[in-house]
Amino acid sequence: MATSNNALISVRQLTKEFRRGVVALDHCDLEVYRGEVVAIIGPSGSGKSTLLRSLNLLEQPTSGAIYFDGADLADKSVNIDLHRQKMGMVFQHFNLFPHKTVLQNITMAPVALKKKTPQEARQQAMTLLERIGLADKADEYPNMLSGGQKQRIAIVRSLAMEPEVLLFDEPTSALDPEMVGEVLDLMRSLAADGMTMVVVTHEMGFAREVASRVVFMADGRILEEGAPADLFDHPQDPRLKDFLSKVL
Ligand SMILES: Nc1ncnc2c1ncn2[C@@H]1O[C@H](COP(=O)(O)OP(=O)(O)OP(=O)(O)O)[C@@H](O)[C@H]1O
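The chain has the name Peptide ABC transporter ATP-binding protein in an unreviewed UniProt entry, where Vescimonas coprocola is given as its organism. According to the UniProt record, the Sequence similarities (unreviewed entry) comment for the chain is "Belongs to the ABC transporter superfamily."

Shown next as structure tokens:
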């Protein structure tokens, strides 16, 4: 069954119970439209990462539905691998392959999955590395890079797959404070390019400045969502008011 709206991602009544009594997501509804930057905020353990990881089925929902580009991801006739390729994922801990060079990290998937020639993939990777000012690191290994450099390379590695959306799971949480800015700057510039992004973040400044919409979660539920100015300056839900009073 296809969705009736034109959201890129549509989440309906999504529930995830890890084991009896551990309900990480409780009947969540969420739409993500093309070109939007959706920031998911909320206290620790509120279900933010589980919601994000459910979007590309890294977590299997207990019940509810996820539609991507109109296709029901639970539908057995849907090619889930193909849909996953359209959803780039950026993790807190980068997940670069340590025994591959920066260039190999970026070109592997486009060659294997998008059938690019090694030359095409290399050219694309170098263009991406130039964009982030790291072309000179192409032949280095990840352990020779700073956290901020690793994360920026992880982001362009995702971009090399030409995804329709990028999913970020706390992309700056593992970084030293002085590295956070360079990663957020890159994300800001992707947003300005019109990249669709869903970002689980503890960076309230980023959520306020860059997100088109902010989603607040607590206890596995989406309690409030809206434009950043509304959510941050005029919070309605008492849990959101309490959360903001602690983090701002
Ligand atoms: N693999 C798992 N097995 C069992 N319980 C889990 C698992 N992953 C998450 N949970 C539980 O689900 C709930 C939501 O966790 P989740 O990581 O989605 O929250 P979060 O809002 O992203 O938290 P944080 O900001 O601390 O990363 C928590 O109670 C957590 O302990």
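### Points about the sheet that holds strand S6 (residues 87-90)
Each strand in a sheet pairs with another by means of backbone hydrogen bonds, the pair being arranged parallel or else antiparallel. Reading across the sheet, the six strands line up as S6-S7-S8-S3-S9-S10 and stay open at both edges, with mixed pairing between neighbours. This sheet does not close on itself; its edge strands, each paired only once, are S6 and strand S10 (221-226). Within the sheet, the average angular offset between the axes of one strand and its neighbour, ignoring direction, is 20°. Two strands pair when backbone bridges link them, and S6 and strand S7 (residues 165-169) are joined in this way by four bridges, in the parallel orientation. By the bridge assignment for S7, Gly-88 is matched with Leu-166. Set on the sheet, helix H5 (residues 147-159) makes contact with S6 and S7; between it and S6 the angle comes to about 170°. Lying on the sheet, helix H6 (residues 177-192) is in contact with strand S3 (37-41), S7 and strand S8 (197-200); it crosses S8 at an angle near 150°.

### A word on the environment of Leu-223
Relative to the elements of secondary structure, Leu-223 occurs in strand S10. By relative accessible area, which is 22% here, Leu-223 ends up partly exposed. Ignoring sequence-local partners within four residues, the contact set of Leu-223 consists of Phe-216, Ala-218, Asp-237 and Arg-239.

### Concerning the sheet that holds strand S5 (residues 71-72)
Read from one edge to the other, the open sheet built from four strands follows the order S2-S1-S4-S5, with strand pairing classed as antiparallel. Every other strand in the sheet has two partners, leaving strand S2 (22-32) and S5 as the edge strands with one partner each. Taken together, the five bridges between strand S1 (residues 9-19) and strand S4 (residues 63-68) define a ladder with antiparallel strand orientation. Paired with Val-11 across the strands is Ile-66, a residue of S4.

### Focus on the nonpolar core
The biggest cluster of nonpolar side chains holds 50 residues, and the ones touching the most others in it are Ile-41, Leu-129, Ile-153, Ile-155, Met-187 and Met-197. It is H6 that contributes the most residues to this core, eight residues altogether. Cys-28, Val-32, Ala-71 and Met-87 belong to the second-largest nonpolar core, a separate cluster that totals 27 residues.

Rules used in this analysis
Residues numbered from 1 in each chain as written. Predicted model: local features only at pLDDT ≥ 70, side-chain atom pairs only at ≥ 80, totals over all residues. Heavy atoms only, no water. UniProt positions renumbered as here; feature names shortened; annotations may be inferred. Pairing = 2+ DSSP bridges. Helix = DSSP H or I, 4+ residues; strand = E, 2+ residues; numbered from the N terminus. Axes fitted to C-alpha atoms, helices over the stretch in contact; angles between N-to-C directions. Contact = heavy atoms within 4.5 Å. Buried < 20%, exposed > 50% of the residue type's maximum accessible area, 1.4 Å probe, protein only. Core = buried A, V, L, I, M, F, W, Y, C linked by side-chain atoms within 4.5 Å.

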